[in-house]
Amino acid sequence: MTTTDVVEMLKEPRMIKICAPMVRYSKLQFRTLVRRYGCDICFTPMILADSFVQSSKARDNEFTTHEKDQPLIVQFAAKTVNDFVDASEMVAPYCNGVDLNCGCPQRWAMQEGYGADLLRKPELVKDLVSQVRNRIPRPFTVSAKIRLLKDIRQTIALCQTLEKADASFLTIHARTPEMRNEPIDLDKLKLLRDHVRLPLVANGDAKSLESAESLFKESGCEGVMSARGILTNPALFSGLSATPLACVQDWLDITSTVPTEFQCFHHHLVFIYGYRLCAYCGNGLKFIIFCFIALTFAITTMLVLQILYTESIPQSSLHGAHGAVATDYSNCSQIGTKILARSGNAVDAAVAATICMAVVAPHKTGLGGGGYIMIYNYKNYTHPIVIDFASNTTTGFFAEAGIRLPALLKGLEFAQRSYGSLAWRDVVEPVVELTREGFVISKDLADEVAKNTDYEIFYAGPLSPGDRLQLHELTRTLDIIAHYGATALYNGTLSHEILQNTTLRERLLQQLASYEPTVTMARSTTLHRHTIYYPSHASFMQEVIEALENLPILAGNASTIESQVLVAQTLMNVFLQFFQNLQHDVKKETYTGVMAMDWQDTYVTILSGLSSPFGSGNRMAGFFLDNIDDNDLSTFIPIIFHYDGGICGLRGVLGSNDVFLNGQILYNLIVRALNVSAAIEYPRYYFVSDGMVIEDNQRHSMEAALQARLYSMISPLSHDDSSSMRSVNAIVKRKDSLSSHSDSRGNGIASRF
């Protein structure tokens, strides 16, 4: 999705023409049609945020788009912050903004707390909008569509509350929820324009281009939205007073190339050409007979087109519709899915996304770090392999020098050349382009730099979230690597640059040139009829899974307070048993997890990182070298799992640097059968030497009853739960239903293709 700035568009000195959100009607096919006739911005139909988050089927049914479908605003009906935030993050890579429906007057919606019911809950509306605004950087827009309250002062107050929530713009349907076909209240719309500084879009009674232009001039709003008018005349914004025959032909062309349900095809055909049919056929029996014949012909035509269309699609294109990438940064997830769209496989996508993370999150990972890759093909039943480029990076002359051998690139290239399908340059080039153009600074990166002002010298001063950062030296390095491969870093020009200031230079160059990652077979254990694969270095993972497997818990009672307490107590006992004789502190290493899955049911998990944020703080060739600090990154544990009872069962991929956290997530997914978003976002506990730390923040707060039962296990010392939090990204699949989720703790957004 291109970064069209909708707010800047609304500042243009002309009427911005907008297609309204219409349930069942403003779908991709209709949006494609109206864009051909002068529509500037389109809204999706209203989507229920909770269903969208919980159900992959709902996501597939309610939201489809493509790269030319923009600017696009996705409208959600939401009544909880978590649902609105999660749904917004899911669609953010594919649209230009989200909109909160505060105007739907239908009885069912208001009874459920959606739509116009929110008009009398300004603080909730403020919280819904502000939380999404804080999570997704501009130019992505967060807006609201409202109706008038009977007391205009309350409407003004609501709009000003939304201003304070940092809304991007507002759409005003100038009727109250009780009004239906009455004329809009233009006077109150003008009054709102006088009291609200945000860009406003006027909605109501725009049934022709002339009436839209009149509304634009009289209201003083920046844009005009049409619903019923554009539904009956998709060419409305082009100035045509009635639907031309060419528009009907366009509708037939679009629905023959974009898969379309017959009901959608038929309803729109009735709307845009119904009046002409009535005029031709008259009323009564003649009209009924004609419509029956037309309907029969249309069904036959659509079936033939569907057969022809699906047979003409290359098989690779059909396969490409089933892939996902989940990372801690939205651009990296998108780069991964772009690789899938270009016929790359999951290995190609995961490698590209990991290199991207090394660029945008140098405090978490980098070319100077190490890690592990696990690869598994579910359809071929091949045993998962683990590529290790971490455990053998702290030996020899590098250990003597106190720095880690920079192994990340070698490990990634080995995986890509061995198991990828694209050329190496095609995998790296999208990251080079991002680095050259600059990327949006995340809050995580800005905060980490602020903790140590010594790093500011590398970025020409303090960093501000939302600003764009260009890294010219790293661009040059990645450009060389894209053209010449990892050899340039391990036995070429770049190797001399990164090791130029050490007395062990020649010996280090020899060790660097001869470095190779190691490949091992994954180990496995079982949890509730699911095989869990993990690297051989993480043998304690088996202890954790076996402890969970032996609990007297079934799927039916897995989510009760009693069962969750039993799980926590069991994990605590395992933790104490293993660490009781050790001086154990919370690990300082930083990491990021990249997950990918493709149409071949190949699953890839890459965990990479550094011993500490920014490693040694010594930057060469645009990236940071890492220190050793007695840390071999052995806590990095990629996980792949699948159901043993049949090929259509649950399978997936995740990983973290905490064996007990992996256990919690697997319990949520497999035993509790939570959807992937709920399983990842569920409040967690982390073990420290003197007890456990429970998450307690605005987004992740454990329910009081469970927290009270765990009170005796909570650490008596004060711990900052934000320093304990870890990001876990995941992709799961059941039958052919794919779900992916990037952990909000890592501020990423997953991407599906």
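Refer to the structure presented above.
Residues numbered from 1 in each chain as written. Predicted model: local features only at pLDDT ≥ 70, side-chain atom pairs only at ≥ 80, totals over all residues. Heavy atoms only, no water.

Student: Can you walk me through the sheet that holds strand β26 (residues 730-734) in this structure?
Tutor: Hydrogen bonds between backbone atoms are what pair the strands of a sheet, whose relative direction is either parallel or antiparallel. Spatially, the 6 strands line up as an open sheet ordered β16-β17-β22-β23-β26-β27, and their pairing is antiparallel. In this open sheet, the two strands that pair with only one neighbour each are β16 (523-527) and β27 (737-741). Neighbouring strand axes in the sheet, compared pairwise and without regard to direction, differ in orientation by 20° on average. Examined bridge by bridge, strand β22 (residues 637-643) and strand β23 (residues 651-656) share 6 bridges and lie antiparallel to one another. When the bridges of β23 are listed, I637 appears paired with S656. Sitting on the sheet, helix α26 (residues 540-549) touches β16, β17 (530-534) and β22, and the angle it makes with β16 is about 15°. (Pairing = 2+ DSSP bridges. Helix = DSSP H or I, 4+ residues; strand = E, 2+ residues; numbered from the N terminus. Axes fitted to C-alpha atoms, helices over the stretch in contact; angles between N-to-C directions. Contact = heavy atoms within 4.5 Å.)

Student: Got a minute to help me understand the pairing of β23 in this structure?
Tutor: Regular strands show a simple pattern: their side chains alternate between the two faces of the sheet. Judged by how many residues are buried, β23 sits mostly within the fold: 6 of 6 residues are covered. What you see with β23 is no split at all: R651, V653 and G655 on one side and G652, L654 and S656 on the other are buried throughout. One ladder, built from 3 bridges, connects β23 with β26; its direction is antiparallel. Opposite G652, over in β26, you have V732 as the bridge partner. (Buried < 20%, exposed > 50% of the residue type's maximum accessible area, 1.4 Å probe, protein only.)

Student: Sorry, what's going on with the sheet that holds strand β15 (residues 518-521) here?
Tutor: Taking strand neighbours across the sheet as the criterion, the 7 strands line up as β15-β12-β11-β19-β18-β10-β28 in an open arrangement whose pairing is antiparallel. Edge positions in the sheet fall to β15 and β28 (751-752), since each has one partner strand and no second. Relative to strand β10 (residues 324-326), helix α16 (residues 330-341) is tilted by about 160°, and along the sheet it contacts β10, β18 (590-597) and β28. Sheet strands touched by helix α17 (residues 346-360): β10, β11 (370-377), β18 and β19 (602-610). Its angle to β18, the strand with the most contacts, is close to 155°.

Student: Could you clarify how one ought to interpret the nonpolar core in this entry?
Tutor: Nonpolar side chains in soluble globular proteins tend to be buried together. Ranked by internal contacts, the top residues of the largest apolar core, which has 95 residues, are F76 and L100. Ranked by residue count, the leading element in this core is helix α5 (residues 81-91), at 6 residues. Both domain 1 (6-240) and domain 2 (261-309) contribute no fewer than three residues apiece to this core. I339, A358, L474 and L489 belong to the second-largest nonpolar core, a separate cluster that totals 75 residues. (Core = buried A, V, L, I, M, F, W, Y, C linked by side-chain atoms within 4.5 Å. Domains from an automatic or database assignment.)

Student: Looking at this model, I keep getting lost on the packing of aromatic side chains. Mind explaining?
Tutor: Ring pairs (aromatic) are described by centroid distance and by the angle formed between their planes. In this structure the tally under the stated criterion is 13 aromatic pairs. Residues Y376 and Y378 carry aromatic rings whose centres are separated by 6.5 Å and whose planes lie at 70° to one another, so their mutual orientation is edge-to-face. Aromatic ring contacts, followed pair by pair, group F540, F575, F660, Y685 and F687 into a single cluster. The lysine or arginine in question, K410, covers the ring of Y490, its NZ or CZ lying 5.3 Å from the ring centre. Taking the ring centre of Y682 as reference, the NZ or CZ of R672 above it sits at 4.3 Å. (Phe/Tyr/Trp six-rings, centres within 6.5 Å; stacked < 30°, edge-to-face > 60°. Lys NZ or Arg CZ within 6 Å of the ring centre and 35° of its normal.)

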